[in-house]
Amino acid sequence: MQETDLSDEKLLEIARNAARNSYAPYSNIHVGAALLTEDGKIFTGTNVENSSYGLSICAERVAVFNAVSNGYKKFKKIAIITSEGKGIMPCGACRQVLAEFSNNIHIITLDKDSNVIKFKLNDLLPHAFRL
Ligand code: THU
C-alpha cells in the first residue's frame with residue numbers, strides 16, 4: 001500500500017511489479033493488478049492458482065479483496081498487466097466484483113502495441129447484476 005495519486009503508466013508499473021509475486025504454475029500467466037482508491041492509496045493483487053483449477057483467483061479480485069479487507073471500498077482505477085508487460089482485460093467475474101463497488105472505475109491496460117488503453121467499467125459490464 002502506498003499513499004499517492006499516480007499516473008496510469010505508474011499504476012501499470014506497480015501492477016507489473018506485483019505480477020512478480022503471482023503463483024501461476026498451471027497457466028504460466030503471471031498477472032498483476034494495482035487498484036487506486038479515491039483517497040490515493042494503492043492495493044495490489046496477483047493471480048493465485050490451485051491444483052484444483054477452479055479454486056484459482058484472478059489478480060483483480062485479490063486486489064479488490066485486499067483493499068476491502070483493509071477498509072477501502074471507493075476506487076478510482078485499476079491497472080492490469082502480466083509480468084511480461086502484456087496487457088489483459090479483466091474477466092467477467094472480476095468485472096462483476098468491481099461493479100459491486102463502483103460503476104465508474106477506470107480499467108487501465110495496454111493494447112497489442114503497448115499503448116495505454118483505458119475503459120470505464122460501465123462500458124465493459126453494462127447492466128451488472130445487482131440486488
Ligand atoms: N487471470 C487474471 O488474473 N485476471 C484476469 O482478468 C484473467 C485471468 C488469471 C487467472 C489464471 O491464473 C490465469 O490468468 C489464466 O487464466
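Everything discussed here concerns the structure shown above.
Residues numbered from 1 in each chain as written. Predicted model: local features only at pLDDT ≥ 70, side-chain atom pairs only at ≥ 80, totals over all residues. Heavy atoms only, no water.

Student: Even after reading the chapter, I still don't get the site of the ligand, so can you show me in this structure?
Tutor: In the vicinity of the ligand, the residues found are Ser27, Ile29, Val31, Asn47, Glu49, Cys58, Ala59, Glu60, Met89, Pro90 and Cys91. The separation between an oxygen atom of the ligand and a polar side-chain atom of Glu49 is 2.5 Å. For the ligand, an oxygen atom lies 2.9 Å from a polar atom in the backbone of Ala59. Protein contacts shield 78% of the accessible area of the ligand, which totals 370 Å² for the unbound molecule. (Near = heavy atom within 4 Å. Polar contact = N/O pair within 3.5 Å; in protein donor to acceptor, adjacent residues only side chain to side chain. Areas by Shrake-Rupley, 256 points an atom, 1.4 Å probe, with all protein chains shown as cover.)

Student: What is the right way to look at helix α3 (residues 92-99) in this model?
Tutor: Of all the residues in α3, the buried ones are Cys94, Arg95, Val97, Leu98 and Ala99. Buried positions along α3 lie against α2 (59-69), β3 (75-82), β4 (106-110) and α4 (121-124). (Buried < 20%, exposed > 50% of the residue type's maximum accessible area, 1.4 Å probe, protein only. Helix = DSSP H or I, 4+ residues; strand = E, 2+ residues; numbered from the N terminus. Contact = heavy atoms within 4.5 Å.)

Student: Explanation requested: the pairing of strand β1 (residues 31-37) in the structure shown.
Tutor: Each regular strand shows side chains that alternate between the opposite faces of the sheet. Extensive coverage of β1 is indicated by the burial of seven of its seven residues. Because side chains alternate across β1, one face comprises the buried residues Val31, Ala33, Leu35 and Thr37, and the other comprises Gly32, Ala34 and Leu36, equally buried. As judged from the seven bridges shared by β1 and β3, these two strands associate in the antiparallel manner. From the neighbouring strand, Leu35 faces β3, where its bridge partner is Ile78. In this structure, β1 lies alongside strand β2 (residues 42-46), joined through five bridges in antiparallel fashion. Bridge assignment links Ala34 to a residue of β2, and that residue is Thr44. Counted between consecutive antiparallel strands, the loop separating β1 from β2 contains four residues, among which Gly40 sits at a positive phi close to 85°. (Pairing = 2+ DSSP bridges.)

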